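A structural walkthrough
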Amino acid sequence: MTMTTQARLDGDASTIGRPTPQVNAQEKLTGRALYGGDFRTPGMLHLKVLRSPYAHARIISIDTAAASALPGVHAVLTGDDTPDRLTGVHRKQHRILATSKVRFVGEEVVAVAAIDEDTARDALDLVRVEYEPLPLVHNMDEALSPGTIEVHESTGNLSIEYKVERGDVDSAFARAALVHEATYETTSQYPGYLEPMATVAWVEGDGRLVVRASTQTAFLQRNRFAEALGLPVSAVRVIQSTVGGAFGGKTVEECNSLICAWMAYRLGRPVRFVNSRLDDFLGARSSPAERIWLKMGVDNQGLIIAKEVKILADCGAYEGLATHVLQVSLVRSDNMHRYLKDVRLHGRLAFTNHPPRGAVRGFGGPQAAFALNSHMAELAEKLGIDPVEFMRRNAVRAGDTTVHGFELGSAGLTECLDQVSEGIGWITKKARRPDTGLKRRGIGFAGAIHVSGNREMGNWDGSIVTARMTTDGRVTLSTGESDMGQGAYTMLAQCCASELAIPVSHVTVLPTDTDVSPYGHGSIASRVTILAGNAAIRAGREIRGRLLALASETLGVPEGDLTVSGGEIFATSALPNRRLTFGELARMHIYRHGGEELRVTATYDPPTFLAMSRPDQYGNVAPGYSFAAQAVEVEVDTETGQVEILETFVSDDCGKAINPLAVHGQTCGAAAMSIGWALYEEMKFQDCQLLNGNFADYTMPTAESLPNIQSGIIESLEPNGPYGAKGASETAMLPGAAAIANAVYDAVGVRIRELPITPEKILAGLREQEATAAARERRHA
Amino acid sequence: MSRVTIEVVVNGQPHRAEIPARRLLADFIRDDLFLTGTKRGCETGVCGACSVLLDGEVVKSCLSLAVQAEGHEITTVEGITSGGELHPLQASFAEHGGFQCGYCTPGMLMAAIAILNESPSPTEAEVRAGLSGNLCRCTGYVGIVESIMAAAEKMRGT
Ligand code: FES
Ligand code: FES
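You'll find chain B entered in an unreviewed UniProt entry as (2Fe-2S)-binding protein, with Roseomonas populi given as the organism.

Chain A carries the name Xanthine dehydrogenase family protein molybdopterin-binding subunit in an unreviewed UniProt entry, which gives Roseomonas populi as its organism.

Given below as C-alpha cells:
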C-alpha cells in the first residue's frame with residue numbers, strides 16, 4: 001500500500017460518524033429499484049412448484065400428462081428429471097426436486113414452467129402424485145429415541161454432535177458457592193423479509209447460465225448452482241437484484257433460486273420464479289428450535305466460575321447451516337464471562353420431519369442469549385444482587401482472551417449495561433414499590449455478544465473491493481458483499497469517499513455480478529462493515545496514493561506539500577496556481593505512454609483463526625466482537641395475561657458508528673424482530689404440518705404494537721475495525737427475548753422459560769402462584 | 001375467460017386497457033403498466049406492500065380487481081414526485097431512516113400520504129395507528145414514524 005500520510009486531507013468532507021442517507025435512496029423511494037420479481041426478459045416463462053402435502057412419505061408415482069397437455073405449459077418436471085447428484089451446504093442430502101421420498105410438508109416435488117403464473121398454477125392442479133405415507137419423526141426427542149424411524153438412513157437422526165470441555169468443570173462446580181440449573185426452550189422464527197424470495201434465470205447465447213436473484217451471497221450461490229447442475233463455475237453468472245430484506249434467509253439454503261436456475265438451464269429459456277408468501281413460509285429456512293439446559297456455578301464474590309450447557313436442537317428434514325447455528329448457540333455466549341475457565345458443552349442436532357431450519361439473524365445467538373440471560377437473572381435473585389450488577393461484575397473487557405479463545409480488541413459490554421440502565425431509569429424503577437393492581441409493571445434486562453465476521457469457510461474470511469476512478473474523477477466500487485437494506489453500500493461509499501475527501505455522492509457502489517465483481521462470501525455473520533469496510537479504506541488510500549504520485553510528478557511539487565480536497569490536489573499556499581482535479585489526473589493516468597485506467601483492488605483478510613476446524617472449537621474466530629444490551633419495562637395484565645411493552649432501550653456496541661442513521665435503524669429493526677419472537681412469532685406445527693404460513697396467522701410486530709424503541713450506540717473503538725467499527729446488524733437481535741421474560745418475572749413473579757411468552761403461559765403461572773399461596777395458607781391455618 | 005375494457009387514470013395518465021375480468025389491480029399495475037414500484041408481499045391484504053391510492057384513499061391492490069378501478073384515479077409510488085422533485089415524504093424517509101431494504105416503502109409512502117391527508121398534524125400514536133396495515137421487517141418503524149412526523153412539519157410549513 002502506498003502510504004502518503006504527509007499529504008493533507010480535508011477532514012470536513014468526511015461523513016464518517018455522521019448520519020448519512022442511503023446511497024440508493026433515490027431508486028428505492030421512487031419505486032425504481034428492481035427487486036427479484038420486478039425483472040423480466042423477453043420470452044420469460046413463469047415457474048411454480050408443487051409441494052409435498054406429507055411430512056414423510058414415499059413417492060409412488062407422478063402423473064404429469066394432463067398438466068403437460070395444458071396450453072401454455074412448457075415443462076412439467078419431476079425429481080427424476082433433475083441431475084442425480086445431491087445438493088446441500090455441507091452434507092449433500094437432497095436433489096433439486098424430491099425423488100422417491102419427501103421429508104417435510106412443503107418439499108418441492110414438481111416444477112412447472114408456463115407462459116404466465118395463472119397457467120402454471122392451473123397446471124399444478126392437474127398433476128397427480130401418489131404418496132405412501134410413512135411414520136413421522138414428530139420432534140427432536142422422538143428423533144433420538146432408540147428404534148425411531150430415520151429421516152435419513154443410517155444417521156440415527158443425529159445430524160451433528162459437539163462435545164467441548166475446558167478446565168476442570170466438576171471441581172469448579174464443587175468450589176462454587178451457588179449452583180443453579182434450569183431448562184429453556186425456544187421456537188422457530190421465520191425470517192419474515194417483506195420480499196418473498198424471487199429469481200429470474202436465463203441462458204446466454206454462449207450457453208452460460210445467468211441467475212439474477214435476491215441474495216445475500218452471490219458468489220456462494222454461483223458455486224452452489226455450478227455444483228448442483230454439474231457446470232464449471234465459470235459457466236455460471238449470478239447477478240444480485242435489489243434485495244428486499246434477507247435476515248439470513250437468502251443465502252445458500254433456500255431452493256427458489258436453485259430450482260429456477262435449473263429450469264432455465266434445462267429449457268434454455270428465461271424463467272422467473274417468485275415465491276408466493278405461502279411458498280416462502282414452506283420453503284424458507286427458519287431458525288432451529290432449541291432446548292437449552294444450563295447449569296452455572298458462582299463463587300461467593302458473584303463471579304461465574306463454572307458452566308455446563310446441553311443443547312438439543314431440531315434442524316428439520318435437512319441440515320443446511322443448522323450445524324453451524326448450533327455451534328454458535330453452544331459456544332459463543334460463554335465468551336461474555338470474564339472469569340469462566342471451566343466449561344463443558346454438549347450439543348446435538350436432530351433430524352425431524354419439520355421443514356429444514358437454518359440461518360436467521362443472530363445465527364444461534366438469540367436462542368443462547370434467551371437461556372443465558374434468563375438464567376443469570378435467576379442466579380442474581382438467588383445471590384441477592386442486582387442483575388445488571390451481576391452481569392457487569394462478570395463482563396469481559398478489551399484485552400481479554402476468553403474461555404474459547406476470542407481475543408477482544410474492544411469490548412463495550414459494561415458501557416452497554418450502563419447506557420441501557422440509564423436510558424430506562426433502572427435504579428428509579430427498581431426502587432419503586434411493586435404494583436399490586438390488575439396491571440403490574442416490571443423491568444428486565446439482558447446482554448449479548450456477537451461476532452463481526454467469522455472465519456468458517458476454507459480458512460479465508462477476506463473481503464475484496466475494486467475501485468475505479470472514471471475520467472470525471474468519480475469512483476465506482478465493486479464488491480462481492482451484498483446490500484440487503486442494512487446500508488452496506490452506503491458504508492463502503494463513506495469509507496472510500498472519506499479517504500479521497502470527496503462527497504459520498506461521487507462514489508457509486510455496484511451490486512454484485514459474479515462476472516465482474518471481486519470474489520466475496522457475501523453478507524453473513526455481520527462481516528461486511530469490518531471486512532469490506534477495511535478493504536474500501538485500503539482501496540481509497542491506494543487511489544489517493546496514485547493520484548498524489550501523479551500530481552507530484554506533474555506539478556513538480558513534493559507529495560508532502562500537496563493537499564487533497566474537494567476532488568482536487570493542489571500545492572499548499574506558496575504555489576497557488578498549481579492544482580489538478582481528480583478528473584484531470586484520471587485522464588492523465590490513461591493518456592500517457594504505458595498509461596492505464598486508474599483501477600485498484602484491495603483486500604482485507606483478518607488475522608483470525610478457523611476454530612471450526614478443531615474438535616474443541618478453540619480460537620479467535622473474528623476480528624472484532626460486538627456487544628449489546630437491552631432493558632425493557634413491561635406492564636402485565638393479570639386478568640388477561642397480556643404483556644405490553646411500555647418502554648425499551650437497546651444499546652449496540654458496534655465500535656465506531658460509521659453511519660449512525662443506519663446503526664440506529666439496524667438496532668431498532670433487530671429489537672422489533674426479537675420482541676416479535678419473544679411474544680408471539682412462532683412457526684406452529686401439528687404433526688409437522690405448518691399451521692400458520694401467512695402473515696395473518698404468523699403475526700409480526702406492527703407500528704401500533706410496538707413502543708418507540710430507543711437506541712443508543714457504544715463506540716468501543718475496535719483496533720481491527722475500519723475507523724474502529726464493528727458489525728451492527730445482528731447483535732441487537734439477541735437480548736430482547738430474555739429482557740422481556742425477566743421483566744415479566746419482575747412484574748408478576750412468573751418465570752417463563754419457554755418462548756413465546758404468551759398470555760396463556762402467564763395466566764397459568766399466576767394460577768400456580770395462587771394455588772401455592774393457598775396451600776401455604778392452609779398449612780399455616 | 002371474460003375480458004373487459006377499463007379506463008383508468010394512473011399517475012395522471014389516462015389508460016384504456018382490455019383485461020381479463022379476474023385481473024387483480026396489483027397485477028394490472030405491475031404486469032400491464034410495468035409500474036413495479038407497487039410490491040407484493042403477502043397477496044392476502046395483510047402486509048400493505050401493494051398499497052396504492054384510489055381517488056386519494058389507500059387500497060390494497062392485491063385485494064382489488066382492476067375493474068374496480070374503472071373510472072377512478074390511481075396513484076402509485078411512481079406518481080408522487082413532481083417535476084423530478086421528491087415528495088416531502090420521500091425526502092424525509094431518506095433523511096430520517098424511513099427505509100432500509102425499501103420493499104415496504106412504496107406502501108408505507110401511500111399510507112403516509114393518506115395519514116397526512118386525514119390529519120396534517122398527526123400525533124405519533126395516530127401515525128402508528130395509520131400504519132397498522134403495513135408491515136416493515138427492517139426498521140422497527142422508528143425511522144418511518146420519525147420521517148412522517150418530520151415531513152408533516154415541513155408540509156405544514158412550520
Ligand atoms: S401484498 Fe397486498 S397486502 Fe400484502
Ligand atoms: S424497509 Fe425493509 S421491510 Fe421496511
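Take the overall build of chain B next. Each helix and strand counted, chain B has five helices and five strands in total. Secondary structure elements of chain B occur, N-terminal to C-terminal, as β-β-α-β-β-β-α-α-α-α. Its C-alpha atoms give chain B a radius of gyration of 16 Å, near enough to 15 Å, the size a compact globule of 158 residues would have. Seen through its principal axes, chain B has C-alpha atoms that stretch 50 × 30 × 25 Å. Out of the 158 residues in chain B, the part that is buried amounts to 58%. Sequence-distant contacts, at least 24 apart, represent 56% of the contacts inside chain B between residues at least 6 apart. Working note: accessible area of chain B is about 6,300 Å², and carbon and sulfur atoms make up 50% of it.

Our focus in this paragraph is the sheet that holds strand E5 (residues 73-75) of chain B. All names here are of chain B. One open sheet accounts for five strands, arranged E2-E1-E5-E3-E4; its pairing is mixed. The open sheet has two edge strands with one neighbour each: strand E2 (13-20) and strand E4 (57-60). Put simply, the sheet's adjacent strands are angled 40° from each other on average, direction ignored. Of the pairings in the sheet, the one linking strand E1 (residues 3-10) to E2 comprises eight bridges and is antiparallel in character. The residue bridging Val9 from the neighbouring strand is Pro14, located in E2. Strands E1, E2, strand E3 (51-54), E4 and E5 of the sheet are contacted by helix H1 (residues 25-32), whose axis makes an angle of about 110° with E2. Across the sheet, helix H3 (residues 105-118) touches E3, E4 and E5, and the angle it forms with E3 is around 40°.

Let us now look at the UniProt feature "domain: Aldehyde oxidase/xanthine dehydrogenase a/b hammerhead" (unreviewed entry) in chain A. When the UniProt feature table is mapped to this numbering, "domain: Aldehyde oxidase/xanthine dehydrogenase a/b hammerhead" (unreviewed entry) covers residues 30-135 of chain A. Taken end to end, residues 30-135 of chain A is 14% helix and 33% strand, and its two terminal C-alpha atoms sit 52 Å from one another.

The next point concerns the side chain of Asp299(A). Residue and element names in this part refer to chain A. Relative to the assigned elements, Asp299 resides in the loop between strand E14 (289-298) and strand E15 (304-316). In this structure, Asp299 is buried with no salt-bridge partner, the nearest side chain bearing the opposite charge being Arg393 at 7.1 Å. A polar contact of 2.8 Å, which involves the side chain of Asp299, links it to the backbone nitrogen of Gln301. When near neighbours in sequence (up to four residues on either side) are disregarded, Asp299 contacts Ala177 and Ile305.

What follows deals with helix H7 (residues 256-267) of chain A. A turn of α-helix holds 3.6 residues, and therefore any two residues three or four places apart point the same way. Residues and elements named next belong to chain A. Compared with the 16 Å implied by 1.5 Å per residue over twelve residues, the 17 Å span of H7 between its first and last C-alpha is a close match. Burial within H7 is extensive, with nine of its twelve residues counted as buried. All buried positions along H7 are accounted for by Asn256, Ser257, Leu258, Ile259, Cys260, Ala261, Trp262, Met263 and Ala264. One or two steps after H7, the chain reaches Gly268, where phi turns positive at roughly 70°.

Right, let's get into the sheet that holds strand E26 (residues 643-653) of chain A. Residues and elements named next belong to chain A. Taken in spatial order, the four strands make up an open sheet running E17-E25-E26-E29, and their pairing is mixed. The open sheet has two edge strands with one neighbour each: strand E17 (439-452) and strand E29 (710-714). Here the average twist between neighbouring strands, direction ignored, is 15°. Strands in contact with helix H17 (residues 660-679) are strand E25 (624-637), E26 and E29; relative to E29, the strand with the most contacts, it is inclined by about 125°.

Now for the nonpolar core. Grouped together as the largest cluster of nonpolar side chains are 153 residues, with contacts concentrated most on Val634(A), Ile740(A) and Leu131(B). Other than its neighbours up to four places away in sequence, Leu131(B) contacts Ala703(A), Met108(B), Ala111(B), Ile115(B), Ile144(B), Val145(B) and Ile148(B). With 48 residues, the next largest nonpolar core counts Leu531(A), Ala536(A), Ile537(A) and Ala551(A) among its residues.

On to the pattern of salt bridges. Residues and elements named next belong to chain A. One pass over the structure, following the stated rule, counts 57 salt bridges over all chains. As a salt-bridge pair, Asp461 and Arg527 come within 3.2 Å of each other at their nearest N and O atoms. Here Asp461, found in the loop between E17 and strand E18 (463-469), pairs with Arg527, found in the loop between strand E20 (507-510) and helix H15 (528-555); they are 66 residues apart in sequence, far enough to count as distant. With relative accessibility at 2%, the residue Asp461 sits in the buried group. Taking the relative accessible area as the measure of exposure, Arg527 reaches 2% and is therefore buried.

A few words on the domain arrangement of chain B. Residue and element names in this part refer to chain B. Under the domain assignment used here, chain B contains domain 1 (3-79) and domain 2 (88-156). Taken over C-alpha atoms, the centre of domain 1 sits 21 Å from the centre of domain 2. Taken together, the contact pairs 17 residues of domain 1 with 13 residues of domain 2. Both faces considered, domain 1 and domain 2 share a buried interface measuring about 1,100 Å² in area, 66% of it formed by carbon and sulfur atoms. Linking domain 1 to domain 2 there are zero salt bridges. Counting across the domain 1 and domain 2 interface gives five residue pairs in polar contact (both at pLDDT 80 or more). For the side of domain 1 that touches domain 2, the elements supplying multiple residues, two or more each, are E3 and E4. Partitioning the side of domain 1 that touches domain 2 into residue classes produces seven nonpolar, seven polar and three charged.

Rules used in this analysis
Residues numbered from 1 in each chain as written. Chains lettered and ligands numbered in written order. Predicted model: local features only at pLDDT ≥ 70, side-chain atom pairs only at ≥ 80, totals over all residues. Heavy atoms only, no water. Helix = DSSP H or I, 4+ residues; strand = E, 2+ residues; numbered from the N terminus. Rg over C-alpha atoms; globule rule 2.2 N^0.38 Å. Buried < 20%, exposed > 50% of the residue type's maximum accessible area, 1.4 Å probe, protein only. Contact = heavy atoms within 4.5 Å. Areas by Shrake-Rupley, 256 points an atom, 1.4 Å probe, with all protein chains shown as cover. Pairing = 2+ DSSP bridges. Axes fitted to C-alpha atoms, helices over the stretch in contact; angles between N-to-C directions. UniProt positions renumbered as here; feature names shortened; annotations may be inferred. Lys, Arg positive; Asp, Glu negative; His and termini not counted. Salt bridge = Lys/Arg side-chain N within 4 Å of Asp/Glu carboxyl O. Polar contact = N/O pair within 3.5 Å; in protein donor to acceptor, adjacent residues only side chain to side chain. Expected span 1.5 Å × (residues − 1). Core = buried A, V, L, I, M, F, W, Y, C linked by side-chain atoms within 4.5 Å. Domains from an automatic or database assignment. Buried area = accessible area lost by both parts, 1.4 Å probe. Nonpolar A, V, L, I, M, F, W, Y, C, P; charged D, E, K, R; others polar.

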